[in-house]
Amino acid sequence: MTKFTDKQQDILSAYRFRHATKEFDGSRKITDSDFEFILETGRLSPSSFGFEPWKFVVVQNPDLREKLRQHAWGARKQLPTASHFVLILSRLPQDMAAESGYIQGIMKNVQQLPDEVVEGKGKAYEKFLTSDFGLWGNSRAMFEWASRQAYIALGNMMTAAAQIGIDSCPIEGFEKAPIERILTEEGIIDPEHFGVSCMVAFGYRVHEPRGKTRRSVEQVVEWVI
């Protein structure tokens, strides 16, 4: 049996602590500094080519939460009780095209790459989309690929929350089209650029969960030597 260091045990304890919290203690609120920390771990998360195809929308308005609740069967208990509720958006295919203003802006203004590097990286990215992964031309596949990047941020935020004793629940149980229609009508998302990938609730548990169940290491890991 591997003996982990104290620091490793602390991290593993956070993974064991984390569970998909179905109902939160509505009287307990996450502090501003703790939630800023959680969001920062999402912002600093890695993404394919470093293109950050995500946006985090923190929904605290009770009326809007109730509107979303009508179309989010997986968040019926979380929406009214969570301290903080986040919609994770992903960019649509037109923004993820190699020559789009968004991608070019990321390379030039955020990554601050020289022009010749922008050109070379753009060509490599276009090849990735069109032939390596064969994503381009399939709008659903493109959106799901962008969503995969967003899920990296989702996982990091939930783990970071667990490490400071805050509960969370990732949520995919919702009707995508009605949710996006509500958010468009409220002026929260531009449907030409963003779609909803998933939701995540943060707060403090009401009930203790049952013990964590997972397959054994031998069942999930294969070494090729």
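The structure we're discussing is the one just above.
Residues numbered from 1 in each chain as written. Predicted model: local features only at pLDDT ≥ 70, side-chain atom pairs only at ≥ 80, totals over all residues. Heavy atoms only, no water.

Caption draft 1: Summary view of the packing of aromatic side chains. Applying the stated criterion across every chain yields a total of nine aromatic pairs. Through pairs of rings, three or more aromatic residues link up here, namely Phe-49, Phe-51, Tyr-125, Phe-128, Phe-133 and Trp-145. Taking NZ or CZ as reference, Arg-28 lies 3.9 Å from the ring centre of Tyr-204, over its face. The lysine or arginine in question, Lys-176, covers the ring of Phe-143, its NZ or CZ lying 4.5 Å from the ring centre. (Phe/Tyr/Trp six-rings, centres within 6.5 Å; stacked < 30°, edge-to-face > 60°. Lys NZ or Arg CZ within 6 Å of the ring centre and 35° of its normal.)

Caption draft 2: Region of the structure containing the sheet that holds strand β4 (residues 194-203). Pairing in this open sheet of four strands is antiparallel, and the strands run β1-β2-β4-β3 from one edge to the other. Unpaired on one side and paired on the other, β1 (54-58) and β3 (167-171) mark the two borders of the sheet. Looking at each pair of strands side by side, their axes are set apart by 25° on average, direction ignored. Both strand β2 (residues 84-91) and β4 contribute to a ladder of eight bridges, which runs antiparallel. Paired with His-84 across the strands is Phe-202, a residue of β4. Across the sheet, helix α9 (residues 176-185) lies against β2 and β4, angled at about 90° from β4, the strand it touches most. (Pairing = 2+ DSSP bridges. Helix = DSSP H or I, 4+ residues; strand = E, 2+ residues; numbered from the N terminus. Axes fitted to C-alpha atoms, helices over the stretch in contact; angles between N-to-C directions. Contact = heavy atoms within 4.5 Å.)

Caption draft 3: Representation of the side chain of Ser-100 in the model. Here Ser-100 shows up in the loop between α5 (93-96) and α6 (101-110). Setting aside residues up to four positions removed in sequence, Ser-100 forms contacts with Gln-94 and Asp-95.

Caption draft 4: Quick peek at the side chain of His-19. Here His-19 lies in the loop between α1 (6-17) and α2 (32-43). Those residues in contact with His-19 that sit more than four places away from it in its chain are Asp-167, Ser-168, Arg-205, His-207 and Pro-209.

Caption draft 5: Fine view of the pattern of salt bridges. Tallied over the entire structure, the rule returns 11 salt bridges. Measuring nitrogen to oxygen at the nearest pair gives 2.7 Å for the salt bridge that ties Glu-180 to Lys-176. In this pair, Glu-180 and Lys-176 are both assigned in helix α9, four residues apart and thus about one turn of the helix distant. Taking relative accessible area as the criterion, Lys-176 reaches 26% and is therefore assigned partly exposed. Sharing partners across several salt bridges, the network here consists of Asp-167, Arg-205 and Glu-208. (Salt bridge = Lys/Arg side-chain N within 4 Å of Asp/Glu carboxyl O. Buried < 20%, exposed > 50% of the residue type's maximum accessible area, 1.4 Å probe, protein only.)

Caption draft 6: Highlighting the packing of helix α3 (residues 62-69) against α9. The contact between α3 and α9 brings their axes to 9 Å, and the two run at 155°. Judged on the interaxial angle alone, α9 and α3 are roughly antiparallel. The hand of the α3/α9 crossing is right-handed. For the pair α3 and α9, the contacting residues are Leu-64, Lys-67 and Leu-68 in the first and Ile-179, Ile-182 and Leu-183 in the second. (Parallel < 35°, antiparallel > 145°, perpendicular 65-115°, else oblique. Left-handed = near helix turned anticlockwise from the far one by under 90°.)

Caption draft 7: Up close: α6. Among the residues of α6, those classed as buried are Tyr-102, Ile-103, Gln-104, Gly-105, Ile-106 and Met-107. Contacts made by the buried residues of α6 are with β2, α5 and α7 (115-132). Backbone geometry just after α6 places Gln-112 at a positive phi near 55°.

Caption draft 8: How the structure looks around unusual backbone geometry. One non-glycine residue, Phe-49, adopts positive backbone phi at about 65°. Structurally, Phe-49 is set in the loop between α2 and β1. Notably, Gln-112 is not glycine yet its phi reads approximately 55°, a positive angle. Residue placement: Gln-112 occurs in the loop between α6 and α7.

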